[in-house]
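Okay, here's what each chain looks like letter by letter:
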Amino acid sequence: FEKKYYSSREKFFYVGNPSLERLEPLLNASQNERKNLPFEGEYFVIFLGSRINEIKKHIKVFEKAIPLAVKEFETPAVVLTFKAFEPIIGNLKKFSQLVYIDENLNQGYEIIKNARFGWIKSGTTAFESAILNLPHLTFYRLSKLSYLIAKRWIKVPYIHLANLILNEKIVPELLQNDLNPLQLLDKTYYLLEQTDYLKERFHLLREVLRPPKKVKTSEFVVQLLESIN
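Residues numbered from 1 in each chain as written. Predicted model: local features only at pLDDT ≥ 70, side-chain atom pairs only at ≥ 80, totals over all residues. Heavy atoms only, no water.

Remarks on the overall build of the protein chain
Piece 1. Counting its secondary structure elements, the protein chain contains 10 helices and six strands.
Piece 2. The buried share of the protein chain, reckoned over its 229 residues, is 43%.
Piece 3. Residue pairs in contact within the protein chain that sit at least 24 positions apart in sequence constitute 68% of those at least 6 positions apart.
Piece 4. Split by element, the accessible area of the protein chain, about 13,600 Å² in all, is 52% carbon and sulfur. (Helix = DSSP H or I, 4+ residues; strand = E, 2+ residues; numbered from the N terminus. Buried < 20%, exposed > 50% of the residue type's maximum accessible area, 1.4 Å probe, protein only. Contact = heavy atoms within 4.5 Å. Areas by Shrake-Rupley, 256 points an atom, 1.4 Å probe, with all protein chains shown as cover.)

This is how it looks when you write it as structure tokens:
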């Protein structure tokens, strides 16, 4: 959908999406790869963010919400994070398992792929979670001033890339004050009730992301240069 933002005099060619190309082989891999996970049985996955300011804005809500969800859904929690954030999120160890994705990124993707459901901060990881077929909700909090500025100037109907690409609110979005323990539990019931539907839409997302003709970007550039010469 980016084409409309550029001059009609330019030529545009869609050659694929790197997230799809990188993650689809993992999605299609045998479930036997679950043996690489550091735990057994069902679990749900949480990703609070990759920046310290994001973690600080989200942590208090999840310190309350995670133990409620563990009890309500009778499912252990796994938090994907970075080693540097341990001083901030250390309290989460009381009721969840921490996995440091900076130590093993591929294991992080395996955890997302095999989770029962997820609470994933808005951004690239949420988009990757959709590609990996994870029923999940997304969330984000800004400062009050930043939110007012964003609300005034940024005119998009959704924040999740899958919702934007398909122009449909498939993944629940919890923003600002809507991000609270009760809403997290409520939207999780939706994820569990609509798991099959969500996976159908994620399948459509993967189809939409495929280029009309499979070609490597490097090969395409060579062909383009040869046509100019």
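Moving on from the model shown.
Considering the packing of helix α1 (residues 18-28) against helix α4 (residues 105-114)
Piece 1. Running from amino to carboxyl end, α1 crosses α4 at an angle of 60°, the nearest separation of the two axes being 11 Å. Taken as axis vectors, α1 and α4 run oblique relative to one another. Between α1 and α4 lies a crossing whose hand is right-handed. Seen from α1, the contacting residues are Arg22, Leu23, Leu26 and Leu27; seen from α4, they are Tyr109, Glu110 and Lys113. (Axes fitted to C-alpha atoms, helices over the stretch in contact; angles between N-to-C directions. Parallel < 35°, antiparallel > 145°, perpendicular 65-115°, else oblique. Left-handed = near helix turned anticlockwise from the far one by under 90°.)

Looking at the nonpolar core
Piece 1. Among the nonpolar cores identified, the biggest contains 59 residues, and Ile46, Leu48, Phe62, Ile66, Ile111, Trp119 and Leu184 are the most heavily contacted of them.
Piece 2. If we skip the residues at most four places from it in the chain, Leu48 touches Glu54, Ile55, His58, Ile59, Phe62, Leu80, Ile89, Leu92, Lys121 and Phe139. (Core = buried A, V, L, I, M, F, W, Y, C linked by side-chain atoms within 4.5 Å.)

Some thoughts on the side chain of Glu54
Piece 1. Note on placement: Glu54 falls in helix α2 (residues 52-73).
Piece 2. According to the relative accessible area criterion, Glu54 is buried, its value standing at 4%.

A word on α4
Piece 1. The buried fraction of α4 amounts to eight of the 10 residues, a majority that puts the element mostly inside the structure.
Piece 2. Taken as a whole, α4 has its buried residues at Gln107, Gly108, Tyr109, Glu110, Ile111, Ile112, Lys113 and Asn114.
Piece 3. Of the surrounding elements, those touching the buried residues of α4 are α1, β1 (44-47), β2 (77-81), β3 (97-100) and α5 (124-131).

Re the side chain of His58
Piece 1. Inspection of the secondary structure assignment puts His58 in helix α2.
Piece 2. Excluding residues within four positions of it along the chain, His58 makes contact with Leu48, Lys121, Phe139, Tyr140, Arg141 and Leu179.

Observations concerning the sheet that holds β2
Piece 1. Ordered in space as β3-β2-β1-β4-β5-β6, the six strands form an open sheet in which the pairing is parallel. A single partner strand is all that each edge strand has here, and the edge strands are β3 and β6 (173-175). Shown here is a sheet whose adjacent strand axes are inclined to one another by a mean of 25°, direction ignored.
Piece 2. Where strand β5 (residues 136-140) meets β6, three bridges bridge the pair, whose relative direction is parallel. Its bridge partner lying in β6, Tyr140 is registered against Leu175.
Piece 3. Sitting on the sheet, α2 touches β1, β2, β4 (118-121) and β5, and the angle it makes with β4 is about 175°. (Pairing = 2+ DSSP bridges.)

What to know about unusual backbone geometry
Glycine aside, residues mostly have negative phi, and peptide bonds are mostly found in the trans state.
Piece 1. At Glu74, a position not held by glycine, the phi torsion is positive, near 50°.
Piece 2. Its place among the elements puts Glu74 in the loop between α2 and β2.
Piece 3. The phi dihedral of Asn167 is positive, around 55°, even though this residue is not glycine.
Piece 4. Given the relative accessible area of 59%, Asn167 is considered exposed.

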